[in-house]
Amino acid sequence: MIGNSDFHQLLSDYILASQRNNNFPQAEISIAGEKNDHSVVDPLHLTNVLMNFSPFFGVQIQKDIPTLPKSIDVNGKSLSYEALDPSIAEKRDETRISMPNVMSRKKIIALLVYLNSLIYVEKTGNLPSPQESVFTVKNALSIADDFMPEHIMVMVEGGGNYDPSEVILNVQPFPETPVLFGISRIVGRSARELRFLIPIPVSFSHGVETIFERMMSIVSGELAQMERESWYSDFEFGRVTRSVLYQISRKNNRKLRPPLFTDRQIRMLQERGLTEKIGSETFVRNTISAEDLKMINVKAEQESKRLAGKWLDHEVRLPESIL
């Protein structure tokens, strides 16, 4: 955990950064089955503050958070909750961040999401949604889901089925300084899915856009190199067997042909003894049942996940120009 002496300074940063956007809905009505859930989307809601800060400072910080009662109108009904008192915020110099000499690929991608969030705020004056922060990075680099850190993907695809505080803890690019927080949809006293991200501005040796572009280039190079590695076909095998299983179990079709399967993928299946040639065409062997293929796919997917995790955890030495 981070020292409690940093808590009030970071809390001020959080308040000031969250006020960059006045466009997020303070209250929503969400339909859950036949029941209306009154949802609050407010960075100052005590539950949101604790969601963001408890992972770093512990639950005991609640006694140090100055609160005031807040009330908003939802369809003519008054909805009350405890909110952080924004008057405690004090403007201070930005925290200085020195880029580390090495970073894991997982942390570099988290850094890209954070930097992209800062750029979004500067360009629009608003706070980004997780989708706006993540997909710009993911799509520009054409990164497969498997090679995106799990906690980054879950906040854009997980709906409400994740713990936002765990996500906030795990998406930080720097181990000692939290720089990315979130605004969750609050129902009662529960934090649901993250609706907006709050990047805390810090001072780097170079401009934010410069570091972003250089880091994007590094990851792009790492991805290109990865596809030339000998283990990459073992990773791909999991995805290929998933497609084969779908075709056999849903369409009862054993023929392998483009465009669904590339020559490379067909060759991959041939090398593992799963195919047979009939004339000029390639088929999955009749002796391999859908159940057999399901077992092969489960093992292959497990191996794909292991290989992707190993790739993400690998540390990369950063060029001197970035430091």
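What you are looking at is a predicted structure, and each value in this text was computed from that prediction instead of being measured.

Broken down by element type, the protein chain carries 10 helices and 13 strands. Principal axes of the C-alpha set define a box for the protein chain whose edges measure 80 × 60 × 35 Å. The buried share of the protein chain, taken over its 323 residues, is 47%. Considering only residue pairs separated by 6 or more positions, the protein chain has 69% of its internal contacts joining residues 24 or more positions apart. In the form shown here, the protein chain has an accessible surface area of approximately 16,500 Å², with 46% of it arising from carbon and sulfur atoms.

The space that makes up the largest pocket amounts to roughly 360 Å³. Lining of the largest pocket is provided by 14 residues; of these, Asp145, Asp146, Met148, Glu150 and Lys305 occupy positions nearest its centre. Secondary structure elements with two or more residues in the lining of the largest pocket: helix 5 (150-157) and helix 10 (290-313). For the lining of the largest pocket, the leading source of residues is helix 10, giving five residues.

We now examine the packing of aromatic side chains. Tallied over the entire structure, the rule returns 12 aromatic pairs. For the ring pair Phe7 and Phe53, a centre distance of 5.7 Å and an interplane angle of 85° mean the geometry is edge-to-face. One end of the pair, Phe7, is in helix 1 (residues 7-18); the other, Phe53, is in helix 2 (residues 46-57), and 46 residues separate them in sequence. For the pair Phe7 and Phe53, one class covers both residues: buried.

Tracing the backbone shows Asp93 in the loop between strand 4 (77-84) and strand 5 (95-96). Judged by its relative accessible area of 68%, Asp93 falls in the exposed class. Distance from Asp93 to Val202, taken between C-alpha atoms, is 8.8 Å for residues 109 residues apart in sequence.

As paired elements, strand 11 (residues 275-278) and strand 12 (residues 281-284) share four bridges and run antiparallel to each other. Among the inter-strand pairings, Thr275 is bridged to a residue of strand 12, identified as Val284. Between strand 11 and strand 12, which pair antiparallel and follow one another directly, the connecting turn spans two residues, one of which, Gly279, has a positive phi of 65°.

All right, on to the pairing of strand 8 (residues 190-199) then. The side chains of a regular strand alternate, first on one face of the sheet and then on the other. Bridge count between strand 7 (residues 180-187) and strand 8: seven bridges; the pairing is antiparallel. Pairing of Gly182 across the sheet is with Leu197, part of strand 8. The turn linking strand 7 back onto strand 8 is made up of two residues, and Gly188 within it adopts a positive phi angle of 65°.

The next thing to look at is the pattern of salt bridges. Applying the stated rule across the entire model yields 12 salt bridges. Taking the shortest distance from any N to any O, the salt bridge between Lys70 and Asp42 comes out at 2.8 Å. Here Lys70 is found in strand 3 (residues 67-74), whereas its partner Asp42 is found in the loop between strand 2 (35-40) and helix 2, with 28 residues between them in sequence. In this structure Lys70 comes out as partly exposed when scored by relative accessible area, which is 22%. A residue is classified by how much of its surface remains accessible, and Asp42, at 3% relative accessible area, is buried. Between Asp145 and Lys138 there is a salt bridge, with the nearest N and O atoms lying 2.9 Å from each other. Residue Asp145 is classed as partly exposed on the basis of its relative accessible area of 39%.

Criteria and cut-off values
- Residues numbered from 1 in each chain as written.
- Predicted model: local features only at pLDDT ≥ 70, side-chain atom pairs only at ≥ 80, totals over all residues.
- Heavy atoms only, no water.
- Helix = DSSP H or I, 4+ residues; strand = E, 2+ residues; numbered from the N terminus.
- Buried < 20%, exposed > 50% of the residue type's maximum accessible area, 1.4 Å probe, protein only.
- Contact = heavy atoms within 4.5 Å.
- Areas by Shrake-Rupley, 256 points an atom, 1.4 Å probe, with all protein chains shown as cover.
- 1 Å grid on protein atoms, 1.4 Å probe; cavity = no way out; pocket = protein on both sides within 12 Å on 5 of 7 lines; lining within 4 Å.
- Points joined across faces, edges and corners; volume = space filled by probe spheres on them.
- Phe/Tyr/Trp six-rings, centres within 6.5 Å; stacked < 30°, edge-to-face > 60°.
- Pairing = 2+ DSSP bridges.
- Salt bridge = Lys/Arg side-chain N within 4 Å of Asp/Glu carboxyl O.

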